[in-house]
Structure formats: structure tokens, C-alpha cells
Amino acid sequence: MRITIQLCKENRLTFFSFNNGEMDIVKITKMFVTNYGDCTPHVVEASGLTPKQETQLKDLIKDLVDIYEANQPQLKLQF
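Residues numbered from 1 in each chain as written. Predicted model: local features only at pLDDT ≥ 70, side-chain atom pairs only at ≥ 80, totals over all residues. Heavy atoms only, no water.

## A look at the overall build of the chain
- Of regular secondary structure, the chain possesses 2 helices and 3 strands.
- When the helices and strands of the chain are read in sequence order from the N terminus, they spell out β-β-α-β-α.
- Taken over the C-alpha atoms alone, the chain extends approximately 50 × 25 × 20 Å along its principal axes.
- Out of the 79 residues belonging to the chain, those deemed buried represent 28%.
- Within the chain, contacts between residues at least 6 apart in sequence are counted, and of these 65% link residues at least 24 apart.
- Accessible surface for the chain amounts to roughly 5,700 Å². Of this, 51% is attributable to carbon and sulfur atoms.
- Computed over 9 positive and 10 negative side-chain charges, the inter-centroid distance for the chain is 3 Å. (Helix = DSSP H or I, 4+ residues; strand = E, 2+ residues; numbered from the N terminus. Buried < 20%, exposed > 50% of the residue type's maximum accessible area, 1.4 Å probe, protein only. Contact = heavy atoms within 4.5 Å. Areas by Shrake-Rupley, 256 points an atom, 1.4 Å probe, with all protein chains shown as cover. Lys, Arg positive; Asp, Glu negative; His and termini not counted. Charge placed at Lys NZ, Arg CZ, Asp CG, Glu CD.)

Shown next as C-alpha cells:
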């Protein structure tokens, strides 16, 4: 398995396992999007995934996009 995610304009994260033991992928990616998110997070490359890993990846990307959208400034409606 190999996954590369674009987290912001200048940072991509490539990882080979969701359960590395040394890195908490979910915590790291959420921190990057919360603090540096200047573009919508998306998958650049994903290869060799099992169906379970595909589901994990979809859930992770959904969470990251939700965090990104929550941090965007809300414009006031003008009538």
C-alpha cells in the first residue's frame, strides 16, 4: 500500500500504513489541515489498497475536507 495526500499547497504526505506504530497518520494529517490548510485535501496517489484500506482512506479524506471547510471564513449574506 502507498498513499500520497496533498494537505496544503506546499506539503504532501506519503505513507505506507495507517497503523505505523511510530506515527499517528490521522493526527498528523488533521494537524496539517487545521494549521496550514490552504487548499482542499485530496489523494494524489493510492496504490495497493485493500477494500478496508479504501474505506479508511475515504473516511480520512472526508474528515480532512470537513476540517478544511470549517476553517474557511464565512462571508455574510448581503441582500
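## Structural notes on helix H1 (residues 25-36)
- The first and last C-alpha atoms of H1 sit 16 Å apart over 12 residues, in line with the 16 Å expected at 1.5 Å per residue.
- Every buried residue of H1 is accounted for by Ile-25, Thr-29 and Val-33. All buried residues of H1 lie within an arc of 55 degrees about the axis, which places them on one face of the element.
- In this structure, the buried residues of H1 make contact with strand E1 (2-8), strand E2 (11-15) and helix H2 (51-70). (Expected span 1.5 Å × (residues − 1). Arc of directions from axis to C-beta.)

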